[in-house]
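# Structural features, examined
Next come the chains, spelled out residue by residue.
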Amino acid sequence: MVTKTHSMEDLKEKVHDYWDAETCGSQFGEGKKFSKEYFDIIEKDRYDKEPEIKEFANFSEGKDKRVLEVGVGAATDFLQWARSGAKLNGIDLTPQAIEHARHRLEVYGFKAESLQVSDAENLPFKDNEFDIVYSWGVIHHSPNTLQALKEIIRVLKPGGKAKIMIYNRHSYLTYFFWVKHALLKFKWNLSLADVLWHNMESYGTKGYTVKEIESILAKEPVSNSKVFTYYTYYDKMERHGFLSIDDC
Ligand SMILES: C[S@@+](CC[C@H](N)C(=O)[O-])C[C@H]1O[C@@H](n2cnc3c(N)ncnc32)[C@H](O)[C@@H]1O
């Protein structure tokens, strides 16, 4: 007996609908939507909770470089690339995210070279266009993550740098999820991948081990790859009672 699975198109529509309903990070905004206060609060919340983003991105490296951000979300990091003096380009699957990014640049007086609704799996750019392609927490949500990775590599100039954050399947957060969604519900046959797929943000989210990513990258035309993990705010149990771990 088999169960028919979702097609890639169905899955992508679910991903689109989930993120278009509430742009990632915007739930922390206060004040009038798209006001400076709204964006400032989102920014403070983000970097207070996740200071490792600034270390990882190293935004100052963007000065005078052509930078593409894949999956801008509420555009908090996008703004940092703009502040660094990058020639900035951004895409996201959802119109809501692109609206956030447009307003965000406008509020702080910046302009992007391009900003558009688009799919990471089919980037609207020529080969070898960018010095830096940055993507934080995006391509593990896309149904064909490998295709999105290949696209990022395709649009990078030779010698260019891709900085990509994807979820670690062997993180404390994933273990907590397993306790909550498998162990405590007596669904002990569920794997870590299963609980991520069904419970982590948009439907179909994946997590990878360091070894898996290293072996994927070994087959791609890249060099000097460094794969490492961060212990993040979301891995810390003390942020919630043990049995009430948030699904985000
Ligand atoms: C967890 S949020 C991260 C957003 C932002 N990078 C941040 O860190 O706040 C995931 C984002 O990925 C976008 N996304 C998911 N699949 C995508 C795809 N195939 N192409 C472009 N964006 C995608 C979603 O629309 C959403 O804005």
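Residues numbered from 1 in each chain as written. Predicted model: local features only at pLDDT ≥ 70, side-chain atom pairs only at ≥ 80, totals over all residues.

### With respect to the pairing of strand β5 (residues 156–165)
Inspection of the sheet shows strand β4 (residues 130–136) paired to β5 by six bridges, in the parallel sense. Looking at β5, one finds that Ser135 is bridged to Ile164. Where the polypeptide runs from β4 across helix α6 (residues 145–155) and back to β5, its parallel neighbour, the crossover connection is right-handed. (Pairing = 2+ DSSP bridges. Helix = DSSP H or I, 4+ residues; strand = E, 2+ residues; numbered from the N terminus. Right-handed = clockwise from strand over helix to strand, strands pointing away.)

### Quick word on the domain arrangement of the protein
The domains assigned to the protein are domain 1 (8–166 + 211–233) and domain 2 (169–207). For domain 1 versus domain 2, the separation of C-alpha centres amounts to 25 Å. Each side of the interface is counted separately: domain 1 has nine residues, and domain 2 has seven residues. Top element by residues in the side of domain 1 that touches domain 2 is helix α1 (residues 8–21). It accounts for five residues. Among the residues making up the side of domain 1 that touches domain 2, the classes are represented as five nonpolar, three polar and one charged. (Domains from an automatic or database assignment. Contact = placed C-beta atoms within 7 Å. Nonpolar A, V, L, I, M, F, W, Y, C, P; charged D, E, K, R; others polar.)

### Quick word on helix α5 (residues 95–108)
Residues spaced three or four apart along an α-helix point in a common direction, a consequence of the helix completing one turn every 3.6 residues. Here α5 is 14 residues long and its end C-alpha atoms lie 20 Å apart, about the 20 Å a rise of 1.5 Å per residue gives. Those residues of α5 that sit buried are Gln96, Ala97, Ile98, His100, Ala101 and Arg104. If you follow the buried residues of α5, they end up packed against α1, α2 (36–49), α4 (76–83), β2 (87–92) and β3 (114–117). After α5 finishes, the residue Gly109 shows a positive phi value of roughly 75°. (Expected span 1.5 Å × (residues − 1). Buried ≥ 20, exposed ≤ 12 C-beta atoms within 10 Å, placed from the backbone.)

### Some details on the nonpolar core
Of all hydrophobic cores here, the largest spans 44 residues; its most connected members are Val67, Val133 and Ile152. In terms of residue count, the dominant contributor to this core is β4 (five residues). Non-local contacts of Val133, meaning those with residues more than four positions away in its chain, are made with Leu68, Val70, Ile152, Val155, Leu156 and Ala162. Counting seven residues, the second-largest nonpolar core is a separate cluster that includes Phe177, Trp178, Val195 and Leu196. (Core = buried A, V, L, I, M, F, W, Y, C linked by C-beta atoms within 7 Å.)

### A look at the site of the ligand
Surrounding the ligand, one finds 20 residues, the nearest of these being Trp19, Cys24, Gly71, Gly73 and Ala120. Elements that contribute at least two residues to the shell around the ligand include exactly α1 and β2. A class-by-class count of the residues in the shell around the ligand yields ten nonpolar, seven polar and three charged. (Near = placed C-beta within 6 Å.)

### Considering the sheet that holds β4
Across the sheet, which stays open at both edges, the five strands sit in the order β3-β2-β1-β4-β5 with parallel pairing between neighbours. Sheet topology places β3 and β5 at the edges, where each strand pairs with a single neighbour. The average angle at which neighbouring strand axes cross in this sheet is 15°, direction not considered. On the sheet, α5 packs against β2 and β3 and is oriented at approximately 155° with respect to β3. Packing against the sheet, α6 makes contact with β1 (66–70), β4 and β5, and its axis sits at approximately 145° to β5. (Axes fitted to C-alpha atoms, helices over the stretch in contact; angles between N-to-C directions.)

### Section: unusual backbone geometry
Positive phi values are uncommon outside glycine, yet Phe34 reaches one of about 75°. Within the fold, Phe34 resides in the loop between α1 and α2. For Phe34, a count of 16 C-beta atoms within 10 Å corresponds to the partly exposed category. Despite not being glycine, Asn128 has its phi angle at roughly 60°, a positive value. Take Asn128: it is sitting in the loop between β3 and β4.

### Comments concerning the pairing of β3
For β2 and β3, the ladder comprises four bridges, and the chain directions are parallel. In the strand pairing of β3, Ile91 is matched with Gln116.

### Some thoughts on the environment of Ser7
Structurally, the position occupied by Ser7 is in the segment before α1. With 136 residues separating them along the chain, Ser7 and Pro143 place their C-alpha atoms 9.2 Å apart.

### Quick notes on the packing of helix α7 (residues 172–183) against helix α8 (residues 192–199)
Where α7 meets α8, the axes come as close as 9 Å, and the angle between the chain directions of the two elements is 80°. Taken together, the axis directions place α7 and α8 in an arrangement best described as roughly perpendicular. Two secondary-structure elements touch here, α7 through Thr174, Phe177, Trp178, His181 and Ala182 and α8 through Leu192, Val195, Leu196 and Asn199. Here the contact of α7 with α8 is built from residues that sort into six nonpolar, three polar and no charged. (Parallel < 35°, antiparallel > 145°, perpendicular 65-115°, else oblique.)

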